[in-house]
Amino acid sequence: MSKKINVLSLFDGISCSQQALKNLGIACNYYASEIEDYAMEITQKNFPKTFQLGNVAKLKVECEEWILEEKEFPPWSENSGKVWDSSIEKDVLWSTTTLQNETTLWSVPKFDLVVGGSPCQGFSNSGYGKGFEDERSKLFWHYVRILKEVKRINPDVKFLLENVKMKEECRNIITKELGVEPVEINSVYYTGQNRVRLYWTNLDIPPQRQTKKTFKEVMLPLEEVADKEVRDITDYNPKQCRNYIQFDKSGKGYKSIQDRIYSGDNRFCTLSKATGRTKYKVLVENNEGRVLYRHLDLREAEALQGLPHGYTHLGSEASVKFSIGKSLGSIGNGMTVQVMEDFFSSL
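Residues numbered from 1 in each chain as written. Predicted model: local features only at pLDDT ≥ 70, side-chain atom pairs only at ≥ 80, totals over all residues. Heavy atoms only, no water.

**Q** Please set out the sheet that holds strand β16 (residues 290–295) residue by residue, giving values where relevant.
**A** The strand order across the open sheet formed by six strands is β11-β16-β15-β14-β13-β12, and the pairing between neighbours is mixed. A strand with exactly one partner marks an edge of an open sheet, and here the two such strands are β11 (231–232) and β12 (239–240). Pairing of strand β13 (residues 245–246) with strand β14 (residues 260–262), which is carried by two bridges, proceeds in the antiparallel orientation. For Ile 245, the partnering residue across the bridge sits in β14 and is Ile 261. (Pairing = 2+ DSSP bridges. Helix = DSSP H or I, 4+ residues; strand = E, 2+ residues; numbered from the N terminus.)

**Q** Give a description of the sheet that holds strand β9 (residues 183–186) that names residues and reports values.
**A** If you trace the seven strands from one edge of the open sheet to the other, you get β3-β2-β1-β7-β8-β10-β9, paired in mixed fashion. Lying at the two open borders of the sheet, with one neighbouring strand each, are β3 (51–52) and β9. The sheet contact formed by strand β7 (residues 113–116) and strand β8 (residues 158–164) spans four bridges and is parallel. Bridge pairing in β8 links Leu 113 to Lys 158. Contacting β1 (5–10), β7 and β8, helix α3 (residues 140–153) runs over the sheet at an angle of about 175 degrees to β8. (Contact = heavy atoms within 4.5 Å. Axes fitted to C-alpha atoms, helices over the stretch in contact; angles between N-to-C directions.)

**Q** Pulling in residues and values, what's your account of helix α1 (residues 16–23)?
**A** Since the α-helix packs 3.6 residues into each turn, any two residues three or four apart lie on the same face. Most of α1 sits inside the fold, with six of its eight residues counted as buried. Buried residues along α1 sit against β1, β2 (28–33), α2 (37–46), β7 and α7 (337–344). Two residues or fewer past α1, Gly 25 is found with a positive phi of approximately 75 degrees. (Buried < 20%, exposed > 50% of the residue type's maximum accessible area, 1.4 Å probe, protein only.)

**Q** Can you tell me about the packing of α3 against helix α4 (residues 168–178), naming the residues and giving the values?
**A** In contact at an axis separation of 11 Å, α3 and α4 are set at 10 degrees when each is read in the N-to-C sense. Considered as vectors, α3 and α4 are oriented roughly parallel to each other. Contacts from Phe 140, Trp 141, Tyr 143, Val 144, Leu 147 and Lys 148 of α3 reach α4 at Ile 173, Ile 174, Glu 177 and Leu 178. The residue makeup of the contact of α3 with α4, split by class, is eight nonpolar, no polar and two charged. (Parallel < 35°, antiparallel > 145°, perpendicular 65-115°, else oblique. Nonpolar A, V, L, I, M, F, W, Y, C, P; charged D, E, K, R; others polar.)

Here it is in structure tokens:
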């Protein structure tokens, strides 16, 4: 697609979709609905021309179409500011999509792409499994509401919704509303992160990749990471599991993610929103029973989601204080950029 497209991203997070479009060389006007200040700050640092729309639940979207007669052209048309020439054939159909939040109104001719990843906590197996009874899961219906309105002007609009694997009953509800079956893709075939997600879309489905990646492909040497401190967990009963080393610092047998260490030879765990800066651990040494680790570097986390190094680092000019923990959580709340590239390559 050579022309500049209009993109509406709901639950935008840190604009991983916009980075995917940039990587593909697809120019766009990008409208993002997001409520977290930290995530929006990251987006605006990387894409300062992004139109931030605010809360999706408070976003009004109305589509109109009309016949243009003897009056001025709409402000978004190629002939903006000119008066309609009566010698030209009349009955020209014009359309507009109006977006409005509490303070601002935008007018867009039509949207070419609607993308989003509605909150997954209520659907996730790692949560309470309330499904659509969880208030966060109900935000999906705003995606449906807005997509239906956008389709009034552009029935051929491309759309994509991403979410976690979930109970069949919830999956079937989403499938029925969107009218397409989801495709399951694991990011381990792209960046070495074990991240299984479902994608509902009318874009072309990319072919299944055949080779799994490992963490080693994005792993930094110890001398290049920000936190060079090496910790010893030899005394906490470390045991080799399939993809990680499990240890038990509390002595209570919890087997939690923060008590796992990942090596470069294996896939890394799924990055999540609920993240502290010390949650993810990287193996430094495992020799004759001695096990040493360091913390995951922010740039490694960025690379596991397909983001360029420094994407989530905020400087002193930012309106929010930079936090490694918040950046890690924002990364975990995003989409894998290379997966989105595979879908968007058909635009």
